[in-house]
Amino acid sequence: MDDITPYIFICGGIVLLFLAYRQRIKIALLKNAAKAEAVVTDNIEKYHQHGKSGYSKLYYPVVKYNSGSNEVICQLPYGYSPQKAVGTILTIHYNPEKPLEVYDDSAAGFKALPIIFILSGSAMLILGLLLFVGYFHLLK
């Protein structure tokens, strides 16, 4: 079989199903997470390369919040552009067992994303498998 189309669909489906699994883990963390008010104390500037010549600059906020009786200072795992102003108050979700595992409220809004990934990934995987076994050639 010289056509690579089935392989592209199969690989794309597997990637989307893997992304759905990872997103479900994040949502499970958010369900068991504690909420806190965090204050932005600093921003760490990082450059990310896009392609051969494109760069983007993102700012990763450093936040301070109280986890029970402990004060925790950590960097959020994702960046913003423009940067969050120092002193900005964010509502965050954190893992009580690992207080450095932190997400802000914007991460809680992606509850439909795993469903979209599962449906798209399954459709691509099934279509790729049907192309691979030659099902559509049998219909002619």
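Residues numbered from 1 in each chain as written. Predicted model: local features only at pLDDT ≥ 70, side-chain atom pairs only at ≥ 80, totals over all residues. Heavy atoms only, no water.

Chemist: Explain the packing of helix 1 (residues 5-32) against helix 2 (residues 113-133) to me, please; I cannot follow it from the model alone.
Modeler: In a packed pair of helices, the relevant descriptors are the angle between the two axes and the axis-to-axis distance. Between helix 1 and helix 2, the least distance of the axes is 7 Å, while the angle of their chain directions is 160 degrees. Taken together, helix 1 and helix 2 sit at an angle that is classed as roughly antiparallel. The way helix 1 lies across helix 2 gives a crossing that is left-handed. Its residues assigned to classes, the contact of helix 1 with helix 2 shows 21 nonpolar, eight polar and one charged. (Axes fitted to C-alpha atoms, helices over the stretch in contact; angles between N-to-C directions. Helix = DSSP H or I, 4+ residues; strand = E, 2+ residues; numbered from the N terminus. Parallel < 35°, antiparallel > 145°, perpendicular 65-115°, else oblique. Left-handed = near helix turned anticlockwise from the far one by under 90°. Nonpolar A, V, L, I, M, F, W, Y, C, P; charged D, E, K, R; others polar.)

Chemist: Any chance you could explain the packing of aromatic side chains here in plain terms?
Modeler: Two descriptors summarise a pair of aromatic rings, namely the distance from one centre to the other and the angle between the planes of the rings. Considering all chains together, one arrives at three aromatic pairs under this definition. Between the aromatic rings of tyrosine 7 and phenylalanine 132, the centroid separation amounts to 5.6 Å while the plane-to-plane angle is 70 degrees, which identifies the pairing as edge-to-face. Here tyrosine 7, found in helix 1, pairs with phenylalanine 132, found in helix 2; they are 125 residues apart in sequence, far enough to count as distant. Residue class for phenylalanine 132 comes out partly exposed when judged on its relative accessible area of 39%. Note on tyrosine 65 and tyrosine 94: the rings are 4.9 Å apart at their centroids and 40 degrees apart in plane angle, and the pair reads as tilted. In this pair, tyrosine 65 is assigned in strand 2 (residues 54-67) and tyrosine 94 in strand 4 (residues 89-95), connecting sequence segments 29 residues apart. An identical accessibility class is assigned to tyrosine 65 and tyrosine 94; each is buried. (Phe/Tyr/Trp six-rings, centres within 6.5 Å; stacked < 30°, edge-to-face > 60°. Buried < 20%, exposed > 50% of the residue type's maximum accessible area, 1.4 Å probe, protein only.)

Chemist: It is not clear to me how the nonpolar core should be interpreted in this structure. Could you clarify?
Modeler: Side chains of a nonpolar character, in soluble globular proteins, are inclined to be buried together. Ranked by size, the top nonpolar core spans 13 residues in total, and within it Val63, Tyr65, Leu76, Leu90, Ile92, Tyr94 and Val102 carry the most contacts. Elements with a minimum of two residues in this core: strand 1 (34-50), strand 2, strand 3 (70-75) and strand 4. (Core = buried A, V, L, I, M, F, W, Y, C linked by side-chain atoms within 4.5 Å.)

Chemist: I would appreciate a short explanation of the pairing of strand 1 in the present structure.
Modeler: Regular strands place side chains that alternate from one sheet face to the opposite one. Where strand 1 meets strand 4, six bridges bridge the pair, whose relative direction is antiparallel. Paired with lysine 35 across the two strands is histidine 93, which belongs to strand 4. Taken together, strand 1 and the strand that follows it, strand 2, pair antiparallel across an intervening segment of three residues, in which glycine 51 is found at a positive phi of about 75 degrees. (Pairing = 2+ DSSP bridges.)

Chemist: What am I meant to see in the sheet that holds strand 1 here?
Modeler: The pairing of strands in a sheet happens through backbone hydrogen bonds and is either parallel or antiparallel. With antiparallel pairing, five strands are arranged side by side in an open sheet as 3-2-1-4-5. Two strands close off the open sheet at either side, each with one partner strand: strand 3 and strand 5 (98-104). Recorded for the sheet is a direction-independent mean angle of 40 degrees between the axes of neighbouring strands. Of the strand pairs in this sheet, strand 2 and strand 3 are connected by six bridges, and their pairing is antiparallel. Residue pairing across strands places asparagine 66 opposite glutamate 71, the latter belonging to strand 3. Along the sheet face, helix 1 touches strand 1, strand 4 and strand 5 and points at about 105 degrees away from the line of strand 5. (Contact = heavy atoms within 4.5 Å.)

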